[in-house]
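Here is how the chains run, residue by residue.
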Amino acid sequence: MSRTLAILKPDCVKRNLAGEVIARIQKANFKIVGLKMVRLTKETAGEFYAVHKERPFYAGLVEFMTSGPCVPIVLEKEDAFEEFRKLIGATDPKEAAAGTIRRDFAESKGENIVHGSDSPENAEREIGFFFSERELVELK
Ligand code: IDP
Ligand code: MG
């Protein structure tokens, strides 16, 4: 079993799609072991996406991620990060495979509904960014 971090982004929460997206995640057999609602600040969003600091979309990304509450979720499954990236699809919904969450719900490459960690190392770091160990439940 491994863990990954999902974030329901502000567009997902604002458009009242959180329930539908969580249902899709659960139907794909991910187990939720942590979940909360947070409002990111310029500082916390900037730190979370620091790897993209030099990219042209960085300022817009920070603006978007602070535009409303988000819902970080810790998910457990075998090969969690790979399986979750498959479930959400490509960054740009126009390029995302049929049946993926971004393809079905996202409106643009920037406002793309959901985040998913891209490696086990980043999953650990990103989970730690939002959750302490005591906020994660033991399922067994
Ligand atoms: P990912 O979320 O699929 O891993 P990344 O390349 O890590 O994609 O980019 C992080 C986030 O930055 C994306 O999910 C999206 O919200 C935003 N982003 C990435 N590329 C662009 C772009 O070309 N235009 C606008 N926003 C972008
Ligand atoms: Mg990424």
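Residues numbered from 1 in each chain as written. Chains lettered and ligands numbered in written order. Predicted model: local features only at pLDDT ≥ 70, side-chain atom pairs only at ≥ 80, totals over all residues. Heavy atoms only, no water.

What to know about the state of the cysteines
This structure, assessed with the given rule, holds zero disulfides. No disulfide involves C12; its nearest neighbouring cysteine sulfur is the one of C70, lying 10.0 Å away. Classification of C12 as buried rests on a relative accessible area of 0%. According to the relative accessible area criterion, C70 is buried, its value standing at 1%. (Disulfide = S-S within 2.5 Å. Buried < 20%, exposed > 50% of the residue type's maximum accessible area, 1.4 Å probe, protein only.)

With respect to the site of ligand 1
Taken together, K9, Y49, H52, F57, L61, R85, T91, R102, K109, G110 and N112 make up all the residues around ligand 1. K9 places a side-chain nitrogen or oxygen 2.9 Å from an oxygen atom of ligand 1. Burial of ligand 1 by the protein amounts to 78% of the accessible area it has alone, namely 530 Å². Comparing atom positions with the cavity grids shows ligand 1 to sit within the largest pocket. (Near = heavy atom within 4 Å. Polar contact = N/O pair within 3.5 Å; in protein donor to acceptor, adjacent residues only side chain to side chain. Areas by Shrake-Rupley, 256 points an atom, 1.4 Å probe, with all protein chains shown as cover. 1 Å grid on protein atoms, 1.4 Å probe; cavity = no way out; pocket = protein on both sides within 12 Å on 5 of 7 lines; lining within 4 Å. Sits in = over half its atoms within 2 Å of the grid points.)

Focus: the layout of surface pockets
The computed volume of the largest pocket comes to approximately 580 Å³. In terms of lining, the largest pocket is formed by 23 residues, of which the most central are Y49, H52, F57, L61 and T91. Of all the secondary structure elements, the ones that give two or more residues to the lining of the largest pocket are α4 (58–65), β4 (114–116) and α7 (120–130). In terms of residue class, the lining of the largest pocket is built from six nonpolar, eight polar and nine charged. (Points joined across faces, edges and corners; volume = space filled by probe spheres on them. Helix = DSSP H or I, 4+ residues; strand = E, 2+ residues; numbered from the N terminus. Nonpolar A, V, L, I, M, F, W, Y, C, P; charged D, E, K, R; others polar.)

Observations concerning the sheet that holds β4
Strand order in the open sheet made by the four strands is β2-β3-β1-β4, with antiparallel pairing throughout. Strands with a single pairing partner mark the edges of an open sheet, and in this sheet they are β2 (31–35) and β4. The sheet shows a mean angle of 30 degrees between the axes of neighbouring strands, taken without regard to direction. With three bridges connecting them, strand β1 (residues 2–8) and β4 associate as antiparallel partners. Counted as the bridge partner of I7 is H115 from β4. (Pairing = 2+ DSSP bridges. Axes fitted to C-alpha atoms, helices over the stretch in contact; angles between N-to-C directions.)

Re the pattern of salt bridges
One pass over the structure, following the stated rule, counts 10 salt bridges. Between D92 and K94 there is a salt bridge, with its nearest N and O atoms 3.9 Å apart. Look at D92 and you get buried, because its relative accessible area is 11%. Within the structure, one salt-bridge network assembled from shared partners comprises R3, E76 and E133. (Salt bridge = Lys/Arg side-chain N within 4 Å of Asp/Glu carboxyl O.)

Description of the pairing of β1
Remember that side chains alternate between the two faces of the sheet whenever the strand is regular. Burial runs high along β1: five of the seven residues are buried. Pairing of β1 with strand β3 (residues 71–77), which is carried by seven bridges, proceeds in the antiparallel orientation. What sits directly across from L8, in β3, is V71.

A look at the packing of aromatic side chains
Under the counting rule described, the total for this entry stands at five aromatic pairs. Look at F30 and F84: their rings are 5.5 Å apart centre to centre, the planes differ by 85 degrees, and that puts the pair in the edge-to-face class. In this pair, F30 sits in the loop between α2 (18–27) and β2 while F84 sits in helix α5 (residues 80–88), placing the two residues 54 residues apart along the sequence. For F30, a relative accessible area of 3% puts it in the buried group. Ring geometry for F48 versus F130: centroids 5.5 Å apart, planes at 55 degrees, classification tilted. Residue F48 is found in helix α3 (residues 42–48), and its partner F130 is found in helix α7; the two are separated by 82 residues along the sequence. (Phe/Tyr/Trp six-rings, centres within 6.5 Å; stacked < 30°, edge-to-face > 60°.)

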